[in-house]
Amino acid sequence: MTMTALAEDRRDQFKKDVADLKLKADGGAGGDSKARIAGLALMIVGAVAAFVLYFASLTLDDLRNIASYQILATALLAVTVIGAALYLAGSIARVLRLWLLRQSYEAQEQSELIASALRSR
């Protein structure tokens with residue numbers, strides 16, 4: 001077999017293993033997808049609720065009521081930021097898992113190249 005054929009075989013095996021890992025992750029092995037979905041939901045809910053509070057505060061005249069709406073809007077901003085952090089953490093974990101798998105395959109390929117070079121001596 002030539003080196004390009006071996007590289008194609010390894011590439012196909014890598015794609016197959018990545019597809020297998022995706023199925024396992026969707027089955028509940030990792031909470032990354034759940035964290036991304038929860039983060040996306042928190043971002044949407046926090047932003048929409050903050051805008052609703054803004055429009056509701058436009059009709060108020062009493063400064064105490066407006067101040068309480070501002071506090072609630074700030075809390076909703078915190079919910080939005082927490083949602084963004086959850087979404088980002090889930091996305092980074094997914095990318096790092098793929099990177100680690102790729103590193104593993106590259107290390108395996110390097111060790112096979114070294115072993116074949118030592119055998120040919």
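Residues numbered from 1 in each chain as written. Predicted model: local features only at pLDDT ≥ 70, side-chain atom pairs only at ≥ 80, totals over all residues. Heavy atoms only, no water.

Bringing the pattern of salt bridges into the picture now. If charged atoms from side chains of opposite charge come close, those side chains can pair. Overall, the coordinates contain 3 salt bridges when judged by the stated rule. Across the pair Arg64 and Asp62 runs a salt bridge, and its minimum N-O distance is 3.3 Å. Owing to a relative accessible area of 65%, Arg64 belongs among the exposed residues under this scheme. (Salt bridge = Lys/Arg side-chain N within 4 Å of Asp/Glu carboxyl O. Buried < 20%, exposed > 50% of the residue type's maximum accessible area, 1.4 Å probe, protein only.)

Position of Thr80 relative to the elements: it lies in helix H3 (residues 63–120). Given a relative accessible area of 19%, Thr80 falls into the buried group. (Helix = DSSP H or I, 4+ residues; strand = E, 2+ residues; numbered from the N terminus.)

In this model, the protein carries an average pLDDT of 84, and 88% of its residues clear a pLDDT of 70 or more. Model confidence for the protein, summarised as mean pLDDT per element, is weakest for helix H1 (residues 3–29) at 67 and strongest for helix H2 (residues 32–57) at 92. Below pLDDT 50 for its whole length, residues 25–29 participates in 2 contacts with residues either more than four positions away or in separate chains. (pLDDT = per-residue confidence, 0-100. Contact = heavy atoms within 4.5 Å.)

Let us look at H2. Here H2 is 26 residues long and its end C-alpha atoms lie 37 Å apart, about the 38 Å a rise of 1.5 Å per residue gives. Among the residues of H2, those classed as buried are Asp32, Ala35, Gly39, Gly46, Leu53 and Ser57. Where the residues of H2 are buried, they touch H3. (Expected span 1.5 Å × (residues − 1).)

Helix length check: H3 (58 residues) gives 84 Å between terminal C-alpha atoms against 86 Å at 1.5 Å per residue, within 8%. For H3, every residue scored as buried is listed here: Leu76, Thr80, Gly83, Gly90, Leu101 and Tyr105.

This paragraph deals with the environment of Glu106. Relative to the elements of secondary structure, Glu106 occurs in helix H3. When the C-alpha atoms of Glu106 and Arg10 are compared, they prove to be 9.7 Å apart, with 96 residues separating the residues in sequence.

Let's shift gears to the side chain of Asp32. By the element assignment, Asp32 lies in helix H2. Among the residues examined, Asp32 registers a relative accessible area of 16% and is labelled buried. Excluding residues within four positions of it along the chain, Asp32 makes contact with Gly90, Ala93, Arg94 and Arg97.

The interhelical angle for the contact between H2 and H3, taken along N-to-C directions, is 160°, at an axis separation of 7 Å. Between H2 and H3, the angle falls in the class roughly antiparallel. Every pair of crossing elements has a handedness; the one defined by H2 and H3 is left-handed. Partitioning the contact of H2 with H3 into residue classes produces 20 nonpolar, 7 polar and 4 charged. (Axes fitted to C-alpha atoms, helices over the stretch in contact; angles between N-to-C directions. Parallel < 35°, antiparallel > 145°, perpendicular 65-115°, else oblique. Left-handed = near helix turned anticlockwise from the far one by under 90°. Nonpolar A, V, L, I, M, F, W, Y, C, P; charged D, E, K, R; others polar.)

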